[in-house]
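Single-letter residue listing:
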Amino acid sequence: MYKYSDNNTDNFSLHDCRATKLIIGENSLIFEFEEGFWVIGKGTMLNQYTGRSEVGFSITSDKPEWAISVYLIKYLDTDEDSEEDRALRTGMPLDKLAELLNNGAELEFLDEYKGYGKYYYECVLWHPKGTVPRTEDCQLYISAKDITYRWNEVKTDN
């Protein structure tokens, strides 16, 4: 389906990209990006992005829910004099996230941290227009043996 694939996490960024679908396989989690993700080079983000693409995580377990933790973050009202933000973190089942994404919600990736077999993402879950709440902050923790970026083209903004 895709012409190109790459496993080097240094070549790509999901920052400000929105996943529009989640496919749960026996040993994989695949996020589809309708508008693509960023292609980066030499440590700086270039003004290049892929068109429709996907990011796949190869997981070691045949139980995908064991490889990913999804948390919704609700910030609590804090005292103006306090420098600390207080938040309530609630788990979301993987099948619920897939159901949301496969029915019009989008998952916008803000920050990403990649380590050996560990991937952490701070995200915003955008619910379909007309639903309340419209957005929710969330976090994804993924354990995977590798990650693969797949795409067909690189577009350049002029």
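Data block above holds the structure.
The following refers to the structure shown. Note that the coordinates shown come from a computational prediction; the quantities given were computed from them, not determined experimentally.

Some remarks on the overall build of the protein
And then number 1: Looking only at helices and strands, the protein has one helix and 15 strands in total.
And then number 2: Taking all 158 residues of the protein together, 39% fall into the buried category.
And then number 3: A separation of at least 24 residues holds for 59% of the contacts in the protein among residues at least 6 apart in sequence.
And then number 4: When the accessible surface of the protein is summed, it comes to about 9500 Å², and 45% of that surface belongs to carbon and sulfur atoms.

Side note on the side chain of Glu-112
And then number 1: Tracing the chain through its elements places Glu-112 in strand 11 (residues 106–115).
And then number 2: Side-chain polar atoms of Glu-112 contact the side chain of Lys-114, separated by 3.4 Å.
And then number 3: Filtering out sequence-adjacent residues up to four positions away, Glu-112 remains in contact with Ser-13, Leu-14, His-15, Tyr-120 and Tyr-121.

Some details on the nonpolar core
And then number 1: By size, the foremost hydrophobic cluster in this structure holds 39 residues, and its most contacted members are Phe-31, Phe-57, Leu-107, Phe-109, Tyr-121, Leu-125 and Leu-140.
And then number 2: When residues in this core are grouped by element, the largest group, five residues, is from helix 1 (residues 94–101).
And then number 3: Apart from residues no more than four positions distant in its own chain, Tyr-121 is found in contact with Leu-14, Phe-57, Phe-109, Asp-111, Glu-112, Cys-138, Gln-139, Leu-140, Ile-142 and Ile-147.

A word on helix 1
And then number 1: Every buried residue of helix 1 is accounted for by Leu-94, Leu-97, Ala-98, Leu-100 and Leu-101. Viewed end-on, helix 1 has its buried residues packed into an arc of 160°, placing them on one side of the element.

A short note on a negative patch on the surface
And then number 1: On the surface, a cluster of negative charge is contributed by Glu-26, Asp-62, Glu-65, Asp-95 and Glu-99.
And then number 2: On the basis of relative accessibility, which here comes to 46%, the residue Glu-99 falls in the partly exposed class.

About the criteria used
Residues numbered from 1 in each chain as written. Predicted model: local features only at pLDDT ≥ 70, side-chain atom pairs only at ≥ 80, totals over all residues. Heavy atoms only, no water. Helix = DSSP H or I, 4+ residues; strand = E, 2+ residues; numbered from the N terminus. Buried < 20%, exposed > 50% of the residue type's maximum accessible area, 1.4 Å probe, protein only. Contact = heavy atoms within 4.5 Å. Areas by Shrake-Rupley, 256 points an atom, 1.4 Å probe, with all protein chains shown as cover. Polar contact = N/O pair within 3.5 Å; in protein donor to acceptor, adjacent residues only side chain to side chain. Core = buried A, V, L, I, M, F, W, Y, C linked by side-chain atoms within 4.5 Å. Arc of directions from axis to C-beta. Patch = residues over 30% accessible without salt bridge, like charges linked within 9 Å, V, L, I, M, F, W, Y side chains within 5 Å. Salt bridge = Lys/Arg side-chain N within 4 Å of Asp/Glu carboxyl O. Lys, Arg positive; Asp, Glu negative; His and termini not counted. Charge placed at Lys NZ, Arg CZ, Asp CG, Glu CD.

These figures capture arrangement, not role.
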